[in-house]
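Below are the chains, spelled out letter by letter.
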Amino acid sequence: MSQTKYSTILRQCRLLGTDGRSTVDIAIDNNKIAAISPKIPELGEWEIDIQGKLVCPPFVESHIHLDSALTAGEPRWNHSGTLFEGIQIWGERKQSLTLEDVKTRAIETLKQQASQGILFVRTHADVSEPTLTALQGLLSVREAVKDWMTLQVVAFPQDGIYGSPENDKLLETALEMGADAVGGIPHYELTREDGVKSVQRIFELAEKYNRLIDIHCDEIDDEQSRFLEVVAACAIRSGAGSRVTASHTTAFGSYNNAYAFKLMGILQKSRLNFIANPLINITLQGRADTYPKRRGMTRVKELWQQGLNVSLGHDCVRDPWYSLGTGNMLDVAHMAVHVCQMTGMEEIAACFQMVTENGAQTLFLGDENYGIAAGKPANLIVLDADSCYDAIRRRAAVRYVISRGKLLAETVPAKTSFL
Ligand code: FE2
C-alpha cells in the first residue's frame, strides 16, 4: 500500500518544452520540490489533479514602480499622455506621500500580482525626496511580504542625480539603508555631460556597496539619446555586465541602422540585461510624432536574436504614466508579441521566457532559486492553458499559485455557456 510521504503532490502536470502528451507528477515537501517523475507512487497529504495543464516557474515582474502604483488621477490626470507630464504629476503627488500610503498601495498591488502568478518583483523607489518616504515604505514592504514574495528595491533618482544638489547624497543614503540596486535616468539629467557623469557615478556606487544596477536608459524617442553606449562601456570596463540592466532603451528603436549595427556588437561584449516595457513604451513614446508614428520600442527581437538577455516589465499599474493595467504579465507578453512582431511560434515562446526565466536572470536570482527541478524552492504556477502559446493567446488564468511550497492563490476561470 502507498504511504503518505509528501506534503503536496501535483498530478499530471505538463512542463514547458515537453511534447504534447507526456505529463509528470511533482511532489513538494519542506517548501522544496522533492521529486518529479512520470508517476510518483507515494501519496501526498494534499493532492491535486492538474489534468495536463501547463505548470511553469512563476512570472517575474522585472520592472515596476510600486511607489506610484494605484495613484492614477491624483492629483490630476495625464492629458498629454507623455512621460514628462507623468513626471510632473508624480512630482505633485509625491509631496503628500506617507509611509502608510506607500505600503498600502504597494501591498495591494503585490497581492494582485501574486494572484496572477508573479512571485518575483523588482520595483523602483523614487529617492529624489529628502524624506526618502517611498524607499522606506518599500523596504518595509520587502520585509513584510518576504514569506510569499521576493521583492527587490532599486534606488531610483527620478529627478536625476544632478538635477538638484542633494540628490547624489540621497541616492547613496538609499544604498546605506539597504536598497538592492542602484538606478538612474541619464536622459533626464540637465545636460548630456551630466548624463554621462551620472552613469559613471552609478557604477562607482554599485561597486562601493556591492549592488546590482538598473538604469532607466534612453527612455525617449530622441535618436541622439545615446547613454546605452555609455552604460555598455562601463559594463565592459568594470566586468559587471550580467549584474547590470538597461531598462526601456526606447531610443534604440529610433537609432539609424548603421549606428544600431555598431552598437549591437558593443552590447554583445557588455553582457547587459535589457528590460522592455511594451504596454508603457508604446503608450508614452511617439507622442511628438505625427505620421508615420514610431512604436517607441527598443529592438527586442534583434537583441533576442543576438542572444542577449531581454525581459519584459509592466512598469506602471494605474499611475500618472499609465492609467490602465492589472499587473498581468501575460498582458505584457501579449503586447510584446504584437508590437515587436514576434508572432512566429519560437518567438511567442521567447516572449513567454521574457516574463519568466529571463526576468529571473535579470534579477540575478541564481539558478538554484528559480525553476522547476528537484531540490529547488517550490515556487510554481499552474496555468489554465496547454502551452505557453495558448497561455499568451488567451491570457489564460493562473489556476494555482504555489509559493514556498504553499498554495497562495487560486483562480476559477470564467466559464461561458453558448445558449
Ligand atoms: Fe520605469
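Computed from a prediction, not measured in an experiment: that's the story for all the values here. Residue indices begin from 1 for each chain and proceed along its sequence in written order. Where totals are concerned, whole chains, interfaces and linings use all residues; where local detail is concerned, this predicted model gives features only for residues with pLDDT of at least 70, and gives and counts side-chain atom pairs only at 80 or more. Hydrogens and waters are ignored; side-chain quantities use all the structure's heavy atoms.

1. Here's the deal with the sheet that holds strand E7 (residues 118-126)
Where we set the bar: Any two strands with at least two DSSP bridges between them are considered paired. Helical segments are the DSSP runs of H or I of at least four residues, strand segments are the runs of E of at least two, and each set is numbered from the N terminus. Only the contacting stretch of a helix is used when fitting its axis, a line to C-alpha atoms as for every element, and angles between N-to-C directions run 0 to 180 degrees.
An order of E6-E7-E8-E9-E10-E11-E12-E13 is seen for the eight strands of this open sheet, with the pairing classed as parallel. Taken across any chain shown, the strands that pair with only one partner, and hence form the sheet edges, are strand E6 (59-64) and strand E13 (309-312). For this sheet, the mean inter-axis angle between neighbouring strands, taken without regard to orientation, is 20°. In this structure, strand E12 (residues 273-276) lies alongside E13, joined through four bridges in parallel fashion.

2. Details of the coordination of the iron ion
Defined as follows: In this description, a donor is an N, O or S atom within 2.8 Å of the metal centre, a cutoff extended to 3.2 Å for sodium, potassium and calcium. Water is not part of the atom list, which can make sites seem incomplete. A site with four donors is called tetrahedral when every donor-metal-donor angle falls between 85 and 135 degrees; four donors are called square planar, and six octahedral, when opposite donors sit more than 155 degrees apart and all other angles fall between 65 and 115; any other arrangement is irregular. Relative accessibility decides the category of a residue: with a 1.4 Å probe and only protein chains considered, values under 20% of the type maximum give buried, values over 50% give exposed, and everything between is partly exposed.
Listed as protein donors to the iron ion are His63 (NE2), His65 (NE2), His216 (NE2) and Asp315 (OD); their distances from the metal cover 2.2 to 2.5 Å. Its four donor atoms give the iron ion angles of 84 to 175° at the centre, a pattern that matches the irregular case. For the iron ion, all donor residues lie on one chain, and their spacing in sequence is H-x1-H-x150-H-x98-D. Highlighted residues: His63 in strand E6 and Asp315 in the loop between E13 and helix H10 (329-339), separated in sequence by 252 residues. As far as the burial class goes, His63 and Asp315 line up, both buried.

3. Thoughts on the packing of helix H2 (residues 99-115) against helix H3 (residues 133-144)
For clarity, the threshold we go by: The cut-offs work like this: below 35 degrees is roughly parallel, past 145 is roughly antiparallel, 65 to 115 is roughly perpendicular, and the gaps in between are oblique. Helix crossings are classified by the rotation of the near helix relative to the far one: an anticlockwise turn of less than a right angle makes the crossing left-handed, while a clockwise turn makes it right-handed. We call two residues in contact whenever any of their non-hydrogen atoms come within 4.5 Å of each other.
Contact geometry for H2 and H3: axes closest at 8 Å, N-to-C directions at 45°. Between H2 and H3, the crossing angle belongs to the class labelled oblique. Remark: the crossing between H2 and H3 carries right-handed chirality. The residues of H3 that touch H2, namely those facing Leu99, Val102, Lys103, Ala106, Ile107 and Leu110, are Thr133, Ala134, Gln136, Gly137, Leu138, Ser140 and Val141.

4. Quick look at the environment of Ala251
Relative to the assigned elements, Ala251 resides in the loop between strand E11 (244-248) and helix H7 (257-270). Accessibility expressed as a relative area gives 0% for Ala251, which makes it buried. Residues Ala251 and Asp221, spaced 30 residues apart in sequence, show a C-alpha to C-alpha distance of 4.9 Å.

5. Focus on helix H1 (residues 83-93)
Among the residues making up H1, those that are buried are Leu83, Glu85, Gly86, Ile87, Ile89, Trp90 and Arg93. Those residues of H1 hidden inside the fold are in contact with H2, E7 and helix H8 (278-284).

6. With respect to the pairing of strand E10 (residues 212-217)
Which entries qualify depends on this criterion: If you view a crossover with the strands going away from you and the path from the first strand over the helix to the second runs clockwise, you call it right-handed.
Among the six residues that make up E10, six are buried, leaving the element largely enclosed by the rest of the structure. Relative to E10, strand E9 (residues 181-184) runs parallel, the two being bridged by four bridges. By the bridge assignment, Gly184 is partnered in E10 with Ile215. Where the polypeptide runs from E9 across helix H5 (residues 192-209) and back to E10, its parallel neighbour, the crossover connection is right-handed. Two strands pair when backbone bridges link them, and E10 and E11 are joined in this way by five bridges, in the parallel orientation. Along E11, the bridge assignment pairs Asp214 with Thr245. As a crossover connection, the stretch from E10 through helix H6 (residues 227-238) into E11 is right-handed.

7. A word on the nonpolar core
Selection rule: The definition of a nonpolar core used throughout is a set of buried Ala, Val, Leu, Ile, Met, Phe, Trp, Tyr and Cys residues joined through side-chain atoms within 4.5 Å. Each domain's limits were defined by an automated method or a database of domain assignments.
Among the nonpolar cores identified, the biggest contains 112 residues, and Phe59, Leu267, Phe352 and Leu383 are the most heavily contacted of them. Residues from two domains meet in this core; each of domain 1 (4-57 + 371-410) and domain 2 (59-368) gives at least three. Not counting residues within four places of it along the chain, the set of residues in contact with Leu267 comprises Leu228, Ala232, Phe252, Leu272, Phe274, Leu303 and Leu308. Counting residues in hydrophobic clusters, the runner-up holds 15 residues, among them Ile33, Ile48, Ile50 and Ile402.

8. Some remarks on the packing of aromatic side chains
Stated formally: Aromatic rings from Phe, Tyr and Trp, taking only the six-membered ring of Trp, are treated as a pair when their centres fall within 6.5 Å; an angle between ring planes under 30 degrees marks them as stacked, one over 60 as edge-to-face, and anything in between as tilted.
Enumeration according to the criterion identifies five aromatic pairs in this entry. Residues Phe84 and Tyr188 carry aromatic rings whose centres are separated by 5.9 Å and whose planes lie at 15° to one another, so their mutual orientation is stacked. Of the two residues, Phe84 is situated in helix H1 and Tyr188 in the loop between E9 and H5; the sequence distance between them amounts to 104 residues. Given the relative accessible area of 37%, Phe84 is considered partly exposed. Residue classification places Tyr188 among the partly exposed positions, given a relative accessible area of 29%. Between the aromatic rings of Tyr255 and Tyr259, the centroid separation amounts to 5.1 Å while the plane-to-plane angle is 75°, which identifies the pairing as edge-to-face. Using a relative accessible area of 3% as the deciding quantity, one classes Tyr255 as buried. Taken together, the ring pairs in this structure connect Phe252, Tyr255 and Tyr259 into an aromatic cluster.

9. Details of the domain arrangement of the protein chain
Our working rule: Reported buried area values correspond to the accessible surface (1.4 Å probe) lost by two parts on association, with both partners' losses combined. Counted as salt bridges are all cases of a side-chain nitrogen of Lys or Arg within 4 Å of a carboxyl oxygen of Asp or Glu. Whenever a nitrogen or oxygen atom comes within 3.5 Å of another N or O atom, the pair is scored as a polar contact, on the condition that within protein one atom can donate a hydrogen and the other can accept it, and that pairs from neighbouring residues in sequence are kept only if both atoms are in side chains.
Taken domain by domain, the protein chain holds domain 1 (4-57 + 371-410) and domain 2 (59-368). If you look at the interface, domain 1 gives 23 residues, while domain 2 gives 25 residues. When domain 1 packs against domain 2, the two sides together hide about 1800 Å² of surface, and 71% of this comes from carbon and sulfur. When the buried area of domain 1 at its contact with domain 2 is split by residue, Ile392, Arg395 and Arg404 rank highest and sum to 35% of it. Put simply, domain 1 and domain 2 have one salt bridge between them. At the surface where domain 1 touches domain 2, the tally comes to five residue pairs in polar contact (both at pLDDT 80 or more). Elements represented by at least two residues in the side of domain 1 that touches domain 2 include exactly strand E5 (54-56), strand E14 (380-383), helix H13 (388-394), strand E15 (398-403) and strand E16 (406-410). Ranked by residue count, the leading element in the side of domain 1 that touches domain 2 is H13, at five residues.

10. Description of unusual backbone geometry
Geometrically, the link from Glu74 to Pro75 is a cis peptide bond, its omega value of -5° lying close to zero. In this structure, Pro75 sits in the loop between E6 and H1. Residue Tyr291 is joined to Pro292 through a cis peptide bond whose omega torsion reads 0°. Here Pro292 is to be found in the loop between H8 and helix H9 (300-305). Located in the positive-phi region is Arg271, a residue other than glycine, with phi close to 60°.

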